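What the coordinates show
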Amino acid sequence: MYPSPINKLISLFSRFPTVGPRTATRFAFYCLKTDSKEIDELISALKEVKESINLCEMCFRSIEKEKKLCNICLSGQRDKETLCIVEKEADLVSIENTGEYNGLYFVLGGTVSPLRKEDFKKVRAKELKERIKKGVKEAILATNQTTEGEATALFITRLLKELDIKTTRLGRGLSTGSELEYADEETLSSALKGRR
Ligand SMILES: [Zn+2]
């Protein structure tokens, strides 16, 4: 339908999470219309994000390249025996924003699908096990209340079974199908307090 450079842009934008073909098309035409200065800014920001971001060696959050650990892992004020396991960084931010949690985190980096067995490779299972062995007494499974989130929680529970730690899950309040990223602070706060 469109000249090939536009089609290419549409197909690239379509790969972004939650972006469908319609939105991708709007993005592509926005780029076409916008001035070169803004496009240059976008290009350099995209390059910068790839070149200047590192992952925290303990929790796998993104941090500036020159650092090894994030501010949460480095903090002397946090409870180092409690580890909250999340699917992605945005979930960590949601929990952190409640102000209710004072332990440390671990970002799995993905989910396990109940149907695709090889999916376990998509989560940092080995890294999590190693992390837990370093003094963690309670692991809170804060995966989303979605099919994938449930399957991931089950997978992690089995993984941690042989380790001598308490494993809890977020309590009621979060509705089925809901994602932590979109849950309001109050709901998340009470789910955290009601963990079991
Ligand atoms: Zn960290």
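Summarised in this report is the structure supplied together with it. Please read all numbers here as calculations on a predicted model, not as lab measurements.

Conventions we followed
Residues numbered from 1 in each chain as written. Predicted model: local features only at pLDDT ≥ 70, side-chain atom pairs only at ≥ 80, totals over all residues. Heavy atoms only, no water. Patch = residues over 30% accessible without salt bridge, like charges linked within 9 Å, V, L, I, M, F, W, Y side chains within 5 Å. Areas by Shrake-Rupley, 256 points an atom, 1.4 Å probe, with all protein chains shown as cover. Salt bridge = Lys/Arg side-chain N within 4 Å of Asp/Glu carboxyl O. Lys, Arg positive; Asp, Glu negative; His and termini not counted. Charge placed at Lys NZ, Arg CZ, Asp CG, Glu CD. Helix = DSSP H or I, 4+ residues; strand = E, 2+ residues; numbered from the N terminus. Donors = N, O, S within 2.8 Å, 3.2 Å for Na, K, Ca; no water. Tetrahedral: all angles 85-135°; square planar, octahedral: opposite > 155°, others 65-115°. Buried < 20%, exposed > 50% of the residue type's maximum accessible area, 1.4 Å probe, protein only. Pairing = 2+ DSSP bridges. Axes fitted to C-alpha atoms, helices over the stretch in contact; angles between N-to-C directions. Right-handed = clockwise from strand over helix to strand, strands pointing away. Parallel < 35°, antiparallel > 145°, perpendicular 65-115°, else oblique. Left-handed = near helix turned anticlockwise from the far one by under 90°. Contact = heavy atoms within 4.5 Å. Nonpolar A, V, L, I, M, F, W, Y, C, P; charged D, E, K, R; others polar.

Let's shift gears to a negative patch on the surface. A cluster of like negative charges, contributed by Asp-35, Glu-38, Asp-40 and Glu-41, occupies part of the molecular surface. Structurally, Glu-38 can be placed in helix H3 (residues 36-51).

Further remarks concern the coordination of the zinc ion. Geometry sets the ideal angles at a metal, namely 109.5 degrees for four tetrahedral donors and 90 or 180 degrees for six octahedral donors. Ligation of the zinc ion by protein atoms is provided by Cys-56 (SG), Cys-59 (SG), Cys-70 (SG) and Cys-73 (SG), these donors lying 2.2 to 2.3 Å from the ion. Each of the four donor atoms bound to the zinc ion contributes to angles spanning 107 to 117°, and the resulting shape is tetrahedral. Summarised as a motif, the one-chain spacing of the donors to the zinc ion is C-x2-C-x10-C-x2-C. On the criterion of sequence distance, the pair formed by Cys-56 in the loop between strand S1 (53-55) and strand S2 (62-64) and Cys-70 in the loop between S2 and helix H4 (71-74) is long-range, its members being 14 residues apart. Each member of the pair, Cys-56 as well as Cys-70, is classed as buried.

The phi dihedral of Thr-18 is positive, around 65°, even though this residue is not glycine. Along the chain, the position of Thr-18 falls in the loop between helix H1 (4-14) and helix H2 (21-33). Judged by relative accessible area, which is 80%, Thr-18 ranks as exposed. Its identity as a non-glycine residue notwithstanding, Phe-60 has a phi of 70°, on the positive side. Looking at the element boundaries, Phe-60 is found in the loop between S1 and S2.

In spatial order, the strands read S4-S3-S5-S6; together these four strands make up an open sheet with parallel pairing. Looking at strand neighbours, the two that pair on one side only are strand S4 (103-107) and strand S6 (166-169), the edges of this open sheet. Going across the sheet, the axis of each strand differs from the next one's by a mean of 25°, ignoring polarity. Here four bridges tie strand S5 (residues 138-142) to S6, and the two strands are oriented parallel to one another.

This paragraph deals with the pairing of S4. Most of S4 is tucked away, with five of its five residues classed as buried. Sheet topology places strand S3 (residues 79-86) next to S4; five bridges connect them, and they run parallel. Bridge assignment links Ile-85 to a residue of S4, and that residue is Phe-106. Remark: the S3/helix H5 (residues 89-98)/S4 crossover connection has right-handed handedness.

Okay, the packing of helix H6 (residues 125-132) against helix H7 (residues 147-160) next. Each pair of packed helices can be summarised by the angle the axes make with each other and by the distance between the axes. With their axes 11 Å apart at the nearest point, H6 and H7 run at an angle of 50° to one another. Classed by the angle they form, the pair H6 and H7 counts as oblique. The hand of the H6/H7 crossing is right-handed. Of H7, the residues touching H6 (which contributes Ala-125, Leu-128, Lys-129 and Ile-132) are Phe-155, Ile-156, Leu-159 and Leu-160. Partitioned by chemical class, the residues of the contact of H6 with H7 number seven nonpolar, no polar and one charged.

So, about the pattern of salt bridges. A side chain with one charge may pair with a side chain of the opposite charge, provided their charged atoms come close. By the definition in use, this model includes ten salt bridges. Here Lys-133 ties to Glu-130 by a salt bridge, and the two come within 3.7 Å at their closest N and O atoms. According to the relative accessible area criterion, Lys-133 is exposed, its value standing at 53%. For Glu-130, a relative accessible area of 41% puts it in the partly exposed group. Of the charged contacts in the structure, one is a salt bridge between Glu-150 and Arg-169, with a shortest N-O distance of 3.4 Å. Of this pair, Glu-150 sits in helix H7 while Arg-169 sits in strand S6, and the two are 19 residues apart along the sequence. For Glu-150, a relative accessible area of 34% corresponds to the partly exposed category. Exposure remark for Arg-169: the relative accessible area of 27% places this residue in the partly exposed category.

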